[in-house]
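Spelled out from the first residue to the last, the chains are:
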Amino acid sequence: MTTSALPAALAEIVDDFQALEEAERLQLLLEFSRELPDPPARLQDHPELMEQVVECQSPLFLTIETEPGDGQPAGSAERVRLFFKAPPEAPTTRGFAGVLHEGLDGLSPAEILAVPDDMPEQLGLTRAITPLRMRGMTAMLGRIKRKVAELPQQG
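Residues numbered from 1 in each chain as written. Predicted model: local features only at pLDDT ≥ 70, side-chain atom pairs only at ≥ 80, totals over all residues. Heavy atoms only, no water.

Asker: Hey, could you run me through the pattern of salt bridges in this one?
Answerer: Pairing between side chains of opposite charge can happen when their charged atoms approach one another. By the definition in use, this model includes 11 salt bridges. A salt bridge links E22 to R127, with the shortest nitrogen-to-oxygen separation between them at 3.2 Å. Of this pair, E22 sits in helix α2 (residues 22-35) while R127 sits in the loop between α5 (109-113) and α6 (131-149), placing them 105 residues apart in sequence. Note that E65 is salt-bridged to R42, the shortest N-O span being 2.5 Å. Here R42 lies in helix α3 (residues 41-44) and E65 lies in strand β2 (residues 61-67), a separation of 23 residues in the sequence. Salt bridges linked by common partners bring E51, E55, R143, R146, K147 and E150 together as one network. (Salt bridge = Lys/Arg side-chain N within 4 Å of Asp/Glu carboxyl O. Helix = DSSP H or I, 4+ residues; strand = E, 2+ residues; numbered from the N terminus.)

Asker: Even after reading the chapter, I still don't get the nonpolar core, so can you show me in this structure?
Answerer: The tendency in soluble globular proteins is for nonpolar side chains to be buried side by side. One finds F84, L104 and M140 to be the most contacted residues of the largest nonpolar core, which totals 39 residues. Counting residues per element, the ones that place at least two in this core are α1 (8-18), α2, β2, β3 (79-85), α4 (91-104) and α6. Top contributing element to this core by residue count: α6, with seven residues. Here M140 is in contact with V53, C56, L60, L62, F84, T93, F96, A97 and L100, once residues within four sequence places are set aside. (Core = buried A, V, L, I, M, F, W, Y, C linked by side-chain atoms within 4.5 Å. Buried < 20%, exposed > 50% of the residue type's maximum accessible area, 1.4 Å probe, protein only. Contact = heavy atoms within 4.5 Å.)

Below, the structure written as structure tokens:
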């Protein structure tokens, strides 16, 4: 399985998962769930500012914001910031969000849009996680990509 189509940070995560046995992959997913940062205070108590990913079995909310990239003038959306809100008692959902946060946060819109839709399957969790939960992660990625595609085009 090749990770060459993935951004470097996400490719490294996928490689880490693929290097492990199936049971160890679940442990790694739990580590990502613990590392998922809380959304900033301005979003924390305002779920209406975030979009719920209804395909997830646990309540998961996400939103994106943009900021200028290095050396870019203010107002040019060159980097995408990702924010997730998921309950601590939903470690699988939080783990998926953690993978996407670590692998995609800070990338350009073009880099995020280029991520293959089947990236969640590349983690090698399809036998250890129910199809419904896998569909939730695929939906998270799809929602992020849709929100990025809706950004005003720079030019």
